[in-house]
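Analysis of the macromolecular model
The chain contents come next:
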Amino acid sequence: MINLRNYFPSFCLSGETRYNKDKILQGQGVDEPLSATGFRQADAAGLFLSNVKFTHVFSSDLLRAKQTAATILGKNKFCKDLEIKYDARLRERKYGVAEGRPLTDLKAMAKTAGEQCPSFTPSGGETLDEVRERARDFFEFLCQLAVELEQKEQDMHGAASRSSGTAEEELVFPWTNHCSEAELSSGSGGTSKILDANILVVSHGAYMRNWIGYFVSDLNCTLPTNLKKSQLSSVSPNTGVSHFIIKLENGNLLKPEITCVCLNQDSHLVDVGAECVAPKVF
């Protein structure tokens, strides 16, 4: 008998800081708060996600991400009091000696080294492989969490009671109007949707781009049919939202089936009226 469990991570980029606007690298060493624009972006993302009943919220422990996560959760209709868990594995890429300096300095360092910014690692910084390893480690933690929740539910109520639960009520997402039904239905595989975890993850631009790259290149993530290849390397706007469906068959952590429902969704930012896109440095 196939035991099919789904969980739903939604990734949100942190809001804007004054360093974003001034094109200054923050990385991990510069822990700036959100700007006024950043708080407006977080408010907009919170309203956009206000009807999503999250079971878990994880955030980078850097201030800009923590403030974004708290603002989003504060707008939610169902889980305002849900605990936000901070995790250093969700931090932005570390840029070493380039942190706190203009983006142009990083480009100059890369040129001197005969490299380009996507792959260049400043002294004291993280390589792209190191960032991806952090993403892989946290993703495997999320998968394990979903499996443990399933086991806990079965111990408490039995598998039969789960099949008649309230998952349908919780599967209400705002991006259904912006994404094709094919991507949404692919998560069910023709079976009833069973919700183990509906997870919000708040992190940062370079980190999230590497995580999505890991999904696509290492785990063969299925992408939306209308997604252009160039969009995979595009920069998410601050508080851009990406949503995925993860299927674990028989609790198999080694072969998750991943479907991207939407990538860098930014419809909630239309009325913010700000320069929302972070500088492309990765």
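Residues numbered from 1 in each chain as written. Predicted model: local features only at pLDDT ≥ 70, side-chain atom pairs only at ≥ 80, totals over all residues. Heavy atoms only, no water.

1. Details of the overall build of the protein chain
Looking only at helices and strands, one finds 9 helices and 6 strands in the protein chain. Counting every position in the protein chain, which comprises 282 residues, the buried fraction comes to 52%. In the protein chain, once contacts between residues fewer than 6 apart in sequence are set aside, the share between residues at least 24 apart is 82%. As presented, the protein chain carries roughly 13,000 Å² of accessible surface, and 50% of it is formed by carbon and sulfur atoms. (Helix = DSSP H or I, 4+ residues; strand = E, 2+ residues; numbered from the N terminus. Buried < 20%, exposed > 50% of the residue type's maximum accessible area, 1.4 Å probe, protein only. Contact = heavy atoms within 4.5 Å. Areas by Shrake-Rupley, 256 points an atom, 1.4 Å probe, with all protein chains shown as cover.)

2. Brief notes about the pairing of strand 2 (residues 56–59)
Of the two faces of strand 2, the one lined by His56 and Phe58 and the one lined by Val57 and Ser59 are each fully buried. Between strand 2 and its parallel partner strand 3 (residues 84–86), the chain crosses via helix 3 (residues 63–74), and the hand of that crossover is right-handed. (Right-handed = clockwise from strand over helix to strand, strands pointing away.)

3. Focus on helix 3
End to end, helix 3 covers 16 Å across 12 residues, agreeing with the expected 16 Å (1.5 Å per residue, within 8%). Within helix 3, the full set of buried residues consists of Arg64, Ala65, Gln67, Thr68, Ala69, Thr71, Ile72 and Leu73. (Expected span 1.5 Å × (residues − 1).)

4. Structural notes on the environment of Leu145
With respect to the helices and strands, Leu145 occurs in helix 5 (residues 128–157). Taking the C-alpha atoms as reference, Leu145 lies 8.3 Å from Ala197; in sequence the two are 52 residues apart. What Leu145 contacts, discounting residues up to four positions off in sequence, is His56, Phe58 and Ile199.

5. Describing the side chain of Gln28
Looking at the element boundaries, Gln28 is found in the loop between helix 1 (18–21) and helix 2 (36–48). Of the polar contacts made by the side chain of Gln28, one reaches the backbone oxygen of Glu92; its length is 2.9 Å. Within the local environment of Gln28, its side chain forms a polar contact with the side chain of Glu126, the two groups lying 3.5 Å apart. Setting aside residues up to four positions removed in sequence, Gln28 forms contacts with Leu62, Arg91, Glu92, Arg93, Lys94, Glu99, Glu126 and Arg134. (Polar contact = N/O pair within 3.5 Å; in protein donor to acceptor, adjacent residues only side chain to side chain.)

6. Considerations on the nonpolar core
One finds Tyr7, Phe139, Trp211, Phe215 and Phe244 to be the most contacted residues of the largest nonpolar core, which totals 31 residues. Elements represented by at least two residues in this core include exactly strand 1 (4–13), helix 5, strand 4 (195–203), helix 9 (205–219), strand 5 (241–249) and strand 6 (257–265). In this structure, Phe244 is in contact with Tyr7, Phe8, Pro9, Phe11, Ile212, Phe215, Cys221, Ile258, Thr259, Cys260 and Val261, ignoring residues within four places of it in sequence. In this structure, Val57, Cys79, Ile84 and Val241 belong to the second largest nonpolar core, which totals 16 residues. (Core = buried A, V, L, I, M, F, W, Y, C linked by side-chain atoms within 4.5 Å.)

7. Some points on the confidence of the model for the protein chain
For the protein chain, mean pLDDT is 83; residues scoring 70 or higher make up 79% of the total. Throughout residues 160–170 the model reports pLDDT below 50, and contacts reaching past four residues in sequence, or to other chains, amount to 11 contacts. Scored below 50 in pLDDT, residues 178–194 shows 36 contacts in the model against residues more than four places distant or in partner chains. (pLDDT = per-residue confidence, 0-100.)

8. Structural notes on the pairing of strand 6
Counting buried positions along strand 6 yields 8 of 9 residues, so the element is predominantly enclosed. As paired elements, strand 5 and strand 6 share 6 bridges and run antiparallel to each other. Bridge pairing in strand 6 places Val241 opposite Gln265. (Pairing = 2+ DSSP bridges.)

9. Observations regarding the environment of Leu232
Summarising the element assignment, Leu232 is placed in the loop between helix 9 and strand 5. Considering only alpha carbons, one finds Leu232 and Leu263, 31 residues apart in sequence, at a separation of 8.3 Å. Setting aside chain neighbours within four positions, we find Leu232 in contact with Arg209, Ile212, Val216, Leu223, Leu227 and Leu263.

10. Looking at the packing of helix 2 against helix 3
A packed helix pair is summarised by two numbers, namely the angle formed by the two axes and the spacing between the axes. Look at helix 2 against helix 3: their axes get within 8 Å of each other, and the N-to-C directions meet at 40 degrees. Compared by their axis directions, helix 2 and helix 3 come out oblique. Crossing handedness for the pair helix 2 and helix 3: right-handed. Touching Phe39, Ala42, Asp43, Ala45 and Gly46 of helix 2 are Gln67, Thr68, Thr71 and Ile72, all from helix 3. (Axes fitted to C-alpha atoms, helices over the stretch in contact; angles between N-to-C directions. Parallel < 35°, antiparallel > 145°, perpendicular 65-115°, else oblique. Left-handed = near helix turned anticlockwise from the far one by under 90°.)

11. Here we look at the environment of Phe78
Turning to its location among the elements, Phe78 is positioned in the loop between helix 3 and strand 3. In this structure Phe78 touches Ser50, Asn51, Val52 and Lys53, once residues within four positions along its chain are discounted.

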